[in-house]
Amino acid sequence: MPTSRSQASKWTKAVRDRLPEWIAGTVQPVIQEALDQTKLGARLEISGDHKDKLLLHYPAVKEGTGYVAPVVTLEFGGRATGEPHAAMPVTCDIDGQIEGVTFPTASPIVMSVARTFWEKATATHVYCAQGRIRSER
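Small disclaimer: the values here were computed from a predicted structure and weren't measured.

A surface patch of nonpolar side chains, amounting to about 210 Å² of accessible area, comprises Ile94, Ile98 and Val101. Residue placement: Val101 occurs in the loop between β4 (85-87) and β5 (109-111). Overall, Val101 belongs to the partly exposed group, its relative accessible area being 35%.

Here we take up the sheet that holds strand β3 (residues 71-75). Ordered in space as β1-β2-β3, the three strands form an open sheet in which the pairing is antiparallel. On the outer flanks of this sheet lie β1 (43-47) and β3, each paired with one strand and no other. Each adjacent strand pair in this sheet contributes to an overall mean axis angle of 20°, direction not counted.

What follows deals with the environment of Asp52. Within the fold, Asp52 resides in the loop between β1 and β2 (53-57). C-alpha of Asp52 to C-alpha of Ala24: the two residues are 28 residues apart in sequence and 9.7 Å apart in space. Excluding its chain neighbours within four sequence positions, the residues that come into contact with Asp52 are Leu19, Ile23, Ser47, Leu74, Glu75 and Phe76.

The next subject is the layout of surface pockets. As a volume, the second largest pocket reaches approximately 380 Å³. When grouped by side-chain class, the residues that make up the lining of the second largest pocket number seven nonpolar, two polar and no charged.

Conventions we followed
- Residues numbered from 1 in each chain as written.
- Predicted model: local features only at pLDDT ≥ 70, side-chain atom pairs only at ≥ 80, totals over all residues.
- Heavy atoms only, no water.
- Patch = residues over 30% accessible without salt bridge, like charges linked within 9 Å, V, L, I, M, F, W, Y side chains within 5 Å.
- Areas by Shrake-Rupley, 256 points an atom, 1.4 Å probe, with all protein chains shown as cover.
- Salt bridge = Lys/Arg side-chain N within 4 Å of Asp/Glu carboxyl O.
- Helix = DSSP H or I, 4+ residues; strand = E, 2+ residues; numbered from the N terminus.
- Buried < 20%, exposed > 50% of the residue type's maximum accessible area, 1.4 Å probe, protein only.
- Pairing = 2+ DSSP bridges.
- Axes fitted to C-alpha atoms, helices over the stretch in contact; angles between N-to-C directions.
- Contact = heavy atoms within 4.5 Å.
- 1 Å grid on protein atoms, 1.4 Å probe; cavity = no way out; pocket = protein on both sides within 12 Å on 5 of 7 lines; lining within 4 Å.
- Points joined across faces, edges and corners; volume = space filled by probe spheres on them.
- Nonpolar A, V, L, I, M, F, W, Y, C, P; charged D, E, K, R; others polar.

Structural data, given as structure tokens:
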């Protein structure tokens, strides 16, 4: 652990400086190889002000309202603790509905919904207190 705020800031800067290269050189190729093998038609994009996000754009099966974009955001960063987290089962909604057809499942480790809620609630409180509400959303 850093012994001072100054050292912590230096560590954070070092992580931020190295992170885009690690994402592009280590993470993106692994996911891209899997996408290429499955031929899903998805594409990857490095994003974020600090190039610390990897966006996985996938073709939508059905057009909706546009509220939820057909993209999965993988966020990386040195400040994230990764806690609390849990393995969450992911299954296809249509699994079990077509006789003789099975769909893959996964159990990725994800941030707890409670953590996400408190981050959003805290941000909402700060924006309201500061009068910086940016949209109806």
